[in-house]
Structures are given as C-alpha cells and as structure tokens.
Amino acid sequence: MLFAIIATDHADSLAVRRRTRSAHLARLEALQAEGRLVLAGPHPAVDAMDPGEAGFTGSLVVAEFDDLTAAQAWADADPYVSAGVYQEVRVKPFIQVLPR
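The rules behind these values
Just so you know, the residues in each chain are numbered from 1, in the order the chain's sequence is written. Given that the model is predicted, a residue must reach a pLDDT of at least 70 before its local features are reported, and side-chain atom pairs must reach 80 or more before they are shown or counted; all residues, however, enter totals for whole chains, interfaces and linings. Processing note: side-chain calculations cover all non-hydrogen atoms of the structure and skip hydrogens and water entirely. Definition used for salt bridges: Asp or Glu carboxyl oxygen within 4 Å of a side-chain nitrogen of Lys or Arg. Exposure is judged per residue with a 1.4 Å probe applied to protein chains only, and the accessible area is read against the type maximum: over 50% gives exposed, under 20% gives buried, and values in between give partly exposed. Every helix listed is a DSSP run of H or I at least four residues long, and every strand listed is a run of E at least two residues long, numbered separately from the N terminus.

Q: Got a sec to walk through the pattern of salt bridges? Specific residues and values, please.
A: As a working rule, side chains carrying opposite charge can pair if their charged atoms are close by. The tally for this structure, following the rule as stated, stands at four salt bridges. Notably, a salt bridge pairs D9 with R17, separated by 3.0 Å at the nearest N-O pair. The pair formed by D9 and R17 is uniform in burial state, with each residue classed as buried. In this structure, the salt-bridge partner of D78 is R27, at a minimum N-O distance of 3.7 Å. In this pair, D78 sits in the loop between α2 (68–76) and α3 (79–83) while R27 sits in helix α1 (residues 14–33), placing the two residues 51 residues apart along the sequence. Both residues of the pair, D78 and R27, count as buried.

Everything listed here is a matter of geometry and, on its own, says nothing about what the molecule does.
Next up, the structure:
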C-alpha cells in the first residue's frame with residue numbers, strides 16, 4: 001500500500017538540511033531502485049524552484065510499504081529526523097487516484 005510521509009522542518013534548519021541531504025537522498029534513491037517510490041521532494045519556503053536562503057518548510061514522500069508500521073519505521077530512520085531537520089513527521093495511508 002502507498003503511504004504519504006509529510007514532514008515539517010524546524011525553523012532555521014537549512015544548514016543542517018544541506019549537510020544531511022546526501023544521506024537523505026540515498027535512502028530515497030534506494031526506494032526508487034526497488035520500484036517503491038512514487039514521488040518525493042521538499043516544500044520551498046517561497047514560490048521559487050530555488051528558494052535560496054529562505055529554505056524549506058518540509059518534505060513530502062509517497063512510497064509503497066507493507067503496512068503503516070513499516071512506513072513509520074522507515075520515516076523514523078530518516079537522516080533528517082536524527083539530524084534535527086524535521087520538527088514533525090506524519091505518516092498516513094494514501095490512495096493514488098490519478099495519474100493511473
């Protein structure tokens with residue numbers, strides 16, 4: 001089943017996000033290689049592809065996991081969590097309607 005992982009950044013976490021990004025992306029790339037990743041990306045703090053020093057307000061990942069427990073465990077192990085980038089992480093079941 002698909003799950004949405006919706007994360008909110010701590011204020012002023014851009015420097016930590018930048019330092020931890022490669023480890024965070026490596027986990028996403030592993031999901032992609034397994035064919036389980038639907039989409040992933042950050043929420044810019046401003047209306048721009050490159051928000052610069054405005055940074056980001058959080059992230060969204062939609063991926064396939066066996067169950068909610070597995071999705072939550074994956075989210076809890078994210079380098080952004082352990083580094084303190086994320087203030088809150090919510091994991092919710094997700095049903096993709098479109099595109100098919």
